[in-house]
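Observations on the model geometry
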Amino acid sequence: MKKMLSIIMMLMLMVSFSTLAMAEEPAEEECYWYYDVDNPENECVEYCNNTTSGNVSEAYDTFEDCEECRLEFLDNETEDPEDNESEDPIDDETEKQIEKMNYSHGAEVRLLQLEKAITKNLLKGEMAVSVLQGLGYNTTDLEAILAEMHLVLDEVQAADPEANDSVQIFIDLKSDAKNLTTQFRETIRALLSDVKYKEIKEQIRNITSDELQNYSKKVRNLIKQFNVNQIYRLYGIIGNQSSDFVNDYINGTVNLTQVKLQLSKMVNMKTKEKRMNIFSEMLKEKVQNKNFANSAAGNAKGNFSERHLERLQKRLENANNSGNEKLLEKIQNEIQNYENGPGNGNHGNDNGKGKGKGK
Amino acid sequence: MIVECVVNMDKKILSILVLLVVVVSATVLFVSFKESSQDVQQDFSTGEDLTDDDISNEIDDAFIPEDEELDIGDMI
């Protein structure tokens, strides 16, 4: 009997051991330090087991490491991103924007967005100039930059979104607007002390006007039209006949996020094979758009300098007509720089000033 | 010797032994099955199969956010 009892005990022990061995180990609590990327002024916070919320940084083992990186990030944040911008007129962002110009309304949206961005900068520039004039600064250089920016705005407004070269026009004029913005920023930076510069920056930060609000409305409506076309296009790929949801989006009953969610649901309700077909169809269009943007960007890069020179010559004529001496002189200098520049490829900072970091 | 021992055992005790062996085997089988099914699930999600996120990303890409602004830099 004793023997049997010991065998039974042994077996029971085996059962316990095997169960214990195969039981899942409880997860150890993993805690790391993070800083808030959207609000880097706030100190680092510790989160455990990936329970982070919001847009946080990468994980740091210690508070000190996290704080060090947060302060570094904060320093970089306060520097103007434009200081590091490349000389390439077609950056990744622009190429992404061009992709949408392959669809109807796409070019119209992009040109109107550019028009709005230039108008906003002109408004801020004019406000800054009037503040500086009130303080007794000489603002003739700044005024000449703004006058040229007005000419760029006229060119954007005159551009035909349906034209074959609308992408090229968008690339060229966006590049000009960016260069003039940089010129203005650097000229004003050279005029003012750090404290004054920050003071004026703060004053014009949230400037708004009826004109800008009208632009915002126009852009929003145009984007809505673009998106409606995209919904129909996706409906075609998915194989949906109903247009109820489109009407709700047009009426404003549902927003874009809800539309996207609804489309995702529609796709996810399909069979695996059908989903694969829809996905590959969407990918095919994406590749087509990327190719379109690549080739447009390649073409635009081709004779970029020559086109810039042509635009400057046209602006010179306009400046002549307007009788703005300072603008005339500025454009003449730019043309001179182009003609004398290395390989005539100076499409960056045309007023000959460097891209200093100090404010 | 083991055979002799088994032969001499009581039927009741033998049945308890068999029962225990069955319980142990069942536990082992259950746990190993559970683990392998988890592996399969993981393979499925990390494999080349289409995920909901893939679809959502493509749908996202098709649209322009209504409040999107074009950035040409700040004047000051």
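Predicted model only: the values in this text are computed from it and were never measured.

A word on the overall build of chain A
- Per the secondary structure count, chain A includes 13 helices and 2 strands.
- Taken over 359 residues, chain A has a buried fraction of 27%.
- When contacts within chain A are restricted to residue pairs at least 6 apart in sequence, those whose partners lie at least 24 apart make up 67%.

A word on helix H5 (residues 140-158) of chain A
- Along its 19 residues, H5(A) runs 27 Å from first to last C-alpha, staying within 8% of the 27 Å computed at 1.5 Å per residue.
- Those residues of H5(A) hidden inside the fold are in contact with helix H4 (106-134), helix H6 (166-191), helix H12 (304-322) and helix H13 (325-340) of chain A.

Notes on the confidence of the model for chain A
All names here are of chain A.
- For chain A, per-residue confidence averages 85 on the pLDDT scale, and 85% of positions sit at 70 or higher.
- Within chain A, the element-level pLDDT minimum falls on helix H1 (residues 2-22), averaging 67, and the maximum on H4, averaging 97.
- Predicted confidence for residues 80-86 stays below pLDDT 50, and this span has 7 contacts to residues more than four positions away or in other chains.

Here we look at the interface of chain B and chain A
- Listed by partner, the interface residues are 32 residues for chain B and 51 residues for chain A.
- Elements represented by at least two residues in the side of chain B that touches chain A include exactly helix H2 (11-46) and helix H3 (52-62) of chain B.
- By residue class, the composition of the side of chain B that touches chain A is 20 nonpolar, 3 polar and 9 charged.

So, the environment of A:Glu108
All names here are of chain A.
- Note on placement: Glu-108 falls in helix H4.
- Between the C-alpha atoms of Glu-108 and Leu-222, which are 114 residues apart in sequence, the distance is 7.8 Å.
- Sequence-distant contacts of Glu-108, that is, excluding residues within four places in its chain, are made with Pro-161 and Leu-222.

Thoughts on the packing of helix H3 (residues 92-99) of chain A against helix H11 (residues 272-302) of chain A
Residues and elements named next belong to chain A.
- Viewed as axis vectors pointing N to C, H3 and H11 meet at an angle of 125°, and their least axial separation amounts to 8 Å. In terms of orientation, H3 lies oblique with respect to H11. Between H3 and H11 lies a crossing of right-handed hand. Along its contact with H3, which presents Glu-95, Ile-98 and Glu-99, the element H11 presents Asn-289, Lys-290, Phe-292, Ala-293, Ala-296 and Ala-297.

Some details on the nonpolar core
- A:Leu114, A:Ile118, A:Met149, A:Val152, A:Phe170 and A:Ala177 are the most contacted members of the largest nonpolar core, which totals 62 residues.
- Not counting residues within four places of it along the chain, the set of residues in contact with A:Ile118 comprises A:Met149, A:Val152, A:Leu153, A:Val156, A:Ala177 and B:Ile72.
- Core analysis: the second largest hydrophobic core is formed by 6 residues, A:Tyr32, A:Tyr35, A:Cys44 and A:Cys66 among them.

What counts as what
Residues numbered from 1 in each chain as written. Chains lettered and ligands numbered in written order. Predicted model: local features only at pLDDT ≥ 70, side-chain atom pairs only at ≥ 80, totals over all residues. Helix = DSSP H or I, 4+ residues; strand = E, 2+ residues; numbered from the N terminus. Buried ≥ 20, exposed ≤ 12 C-beta atoms within 10 Å, placed from the backbone. Contact = placed C-beta atoms within 7 Å. Expected span 1.5 Å × (residues − 1). pLDDT = per-residue confidence, 0-100. Nonpolar A, V, L, I, M, F, W, Y, C, P; charged D, E, K, R; others polar. Axes fitted to C-alpha atoms, helices over the stretch in contact; angles between N-to-C directions. Parallel < 35°, antiparallel > 145°, perpendicular 65-115°, else oblique. Left-handed = near helix turned anticlockwise from the far one by under 90°. Core = buried A, V, L, I, M, F, W, Y, C linked by C-beta atoms within 7 Å.

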